[in-house]
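Each chain, written out:
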Amino acid sequence: MIEKSPIDKQKYIKNLFFTSNARAAWEHILFSLKSSKNVEVLMPSYIGYTDREGSGVFDPVKTQNAHAEFYKLNEDLTIDLNHFKRLIQNKKFDCALIIHYFGFCRNNMEEIKNICRQNNVVLIEDCAHAFNLHFKDTLLGNYGDFSFYSLHKYLPTNSGGVLKRNNDKNKLKSLSIDKKIDIEDLEHYANSDFIEIAKKRRENYSLYEKYIGKNSNVHVMYELMPNDIPQTFPILIRNDNREKLYFYLFDQRAPTTALYYRLIDQITKEEFPESHKISNEILNLPVHQDTDHEDIIYICNLIRDFFGTV
Ligand SMILES: Cc1ncc(COP(=O)(O)O)c(C=O)c1O
């Protein structure tokens with residue numbers, strides 16, 4: 001029989017699930033992977049927390065009683081592939097989490113995907129900072145079996161997240177009502193022009209690249225590449241000056257963030273000195289769509305003035 005209107009709910013579907021935030025999406029993945037035994041998860045060794053917000057990445061691991069181990073990262077937060085491979089080959093992990101910090105990915109994701117596939121490990125991409133969902137030619141968020149996103153880190157909403165399932169190898173349980181997105185956040189998502197937002201963020205990033213200038217105290221972490229959509233402009237502040245600069249900028253009405261100035265206790269300084277060094281030096285300057293040309297010149301001038309007087 002020919003139907004008079006469509007009835008197939010699986011046809012042309014993107015497999016997006018709208019959650020209250022990114023951590024609810026991540027928690028739901030762990031919950032869905034859980035069987036009679038607890039989930040073994042391999043995670044990056046750069047995960048922070050604050051007293052106010054807890055840890056968006058690690059709290060779900062705790063609430064799901066998963067057991068975590070951590071792989072080493074390099075100074076640009078790329079994965080130490082030898083360490084990653086060694087851990088995966090020596091122990092049975094159920095899943096591995098990759099974080100695309102600040103919207104950048106400089107990892108060989110094809111290789112990571114292959115390592116996970118060969119060892120039967122579910123690959124999950126944390127795209128909380130990498131909102132590339134609406135870009136057809138982007139691969140970020142499509143390597144993993146799952147990826148998840150944070151709306152309020154990208155849009156002016158208070159909450160909201162997205163869980164994306166890229167294949168049907170692993171089933172998702174049904175999402176409980178308390179983990180679903182608010183209607184207002186969903187409306188804001190549906191109304192947003194992601195192409196323009198990404199364009200503005202990229203323009204802002206390029207302005208920092210232009211104005212930040214040469215300064216031996218400031219290390220720019222990433223050069224902008226064609227498919228990058230930055231969450232912030234991350235810099236490393238050398239010579240123990242990060243905290244002082246952070247408060248100097250704050251006092252001059254230019255608040256910034258330091259993702260992550262405090263790492264979870266499981267990531268110790270003895271075992272992961274590289275992560276602690278980044279945590280001590282990181283400063284994230286705003287590139288969001290409400291930031292404009294003058295703001296960026298103002299911040300860059302403040303940074304220059306600060307190092308002139310330090
Ligand atoms: C890398 C990363 N993943 C996930 C989260 C959780 O995001 P949300 O606040 O949307 O739960 C955060 C922030 O807390 C984060 O920085």
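1. Concerning helix H3 (residues 81-90)
Listed in full, the buried residues belonging to H3 are His83, Phe84, Leu87 and Ile88. The buried residues of H3 all sit within an arc of 125 degrees when viewed along its axis, so they share a single face. Residues of H3 that are exposed and point over 90 degrees away from its buried face: Asn82, Gln89 and Asn90. Where H3 is buried, its residues touch strand S2 (40-44), strand S3 (67-71), strand S4 (95-99) and helix H4 (109-118).

2. Observations regarding the domain arrangement of the protein chain
The domains assigned to the protein chain are domain 1 (16-191) and domain 2 (194-309). Taking only C-alpha atoms, the centre of domain 1 and the centre of domain 2 are 23 Å apart. Taken residue by residue, the interface counts 35 residues in domain 1 and 40 residues in domain 2. Summing the contributions of domain 1 and of domain 2, the shared interface buries around 3400 Å²; its carbon and sulfur component is 61%.

3. Considering the sheet that holds S2
Here seven strands make up an open sheet; going across it, the order is S1-S7-S6-S5-S4-S2-S3 and the pairing mixed. In this open sheet, the two strands that pair with only one neighbour each are strand S1 (16-19) and S3. Each neighbouring strand pair of the sheet contributes to a mean axis angle of 20 degrees, computed without reference to strand direction.

4. Observations concerning the packing of aromatic side chains
In total, this model carries 20 aromatic pairs according to the counting rule given. With a centroid separation of 6.2 Å and 15 degrees between ring planes, the pair formed by Tyr154 and Phe194 is classed as stacked. Separated by 40 residues along the polypeptide, Tyr154 in the loop between strand S6 (146-150) and strand S7 (161-165) and Phe194 in helix H6 (residues 194-211) bring together distant segments of the chain. In terms of burial, Tyr154 and Phe194 fall into one category: buried. Taken together, the ring pairs connect Phe18, Phe131, Tyr149, Tyr154, Tyr189 and Phe194 into an aromatic cluster. In this arrangement the basic side chain of Lys173 is found over the ring face of Phe31, its NZ or CZ atom lying 4.4 Å from the centre.

5. Quick word on the site of the ligand
Taken together, 13 residues are adjacent to the ligand, and Ala22, Asp126, Ser150, His152 and Tyr260 come closest. Between the ligand and Lys153, the relevant distance is 3.4 Å, taken from an oxygen atom to a side-chain nitrogen or oxygen of the residue. Tallied by class, the residues present in the shell around the ligand amount to five nonpolar, five polar and three charged.

6. Some remarks on the sheet that holds strand S8 (residues 218-220)
Spatially, the three strands line up as an open sheet ordered S8-S9-S10, and their pairing is antiparallel. Looking at the sheet topology across the chains shown, the edges are occupied by S8 and strand S10 (282-286). For this sheet the average axis-to-axis angle between neighbouring strands, irrespective of direction, equals 35 degrees. Where strand S9 (residues 232-237) lies against S10, five bridges are found, and the strand directions are antiparallel. Looking across to S10, one finds that Ile235 is bridged to Leu283. Packed onto the sheet, H6 meets S9 and S10 and runs at close to 30 degrees relative to S9.

Reading guide: rules and limits
- Residues numbered from 1 in each chain as written.
- Predicted model: local features only at pLDDT ≥ 70, side-chain atom pairs only at ≥ 80, totals over all residues.
- Heavy atoms only, no water.
- Buried < 20%, exposed > 50% of the residue type's maximum accessible area, 1.4 Å probe, protein only.
- Helix = DSSP H or I, 4+ residues; strand = E, 2+ residues; numbered from the N terminus.
- Arc of directions from axis to C-beta.
- Contact = heavy atoms within 4.5 Å.
- Domains from an automatic or database assignment.
- Buried area = accessible area lost by both parts, 1.4 Å probe.
- Pairing = 2+ DSSP bridges.
- Axes fitted to C-alpha atoms, helices over the stretch in contact; angles between N-to-C directions.
- Phe/Tyr/Trp six-rings, centres within 6.5 Å; stacked < 30°, edge-to-face > 60°.
- Lys NZ or Arg CZ within 6 Å of the ring centre and 35° of its normal.
- Near = heavy atom within 4 Å.
- Polar contact = N/O pair within 3.5 Å; in protein donor to acceptor, adjacent residues only side chain to side chain.
- Nonpolar A, V, L, I, M, F, W, Y, C, P; charged D, E, K, R; others polar.

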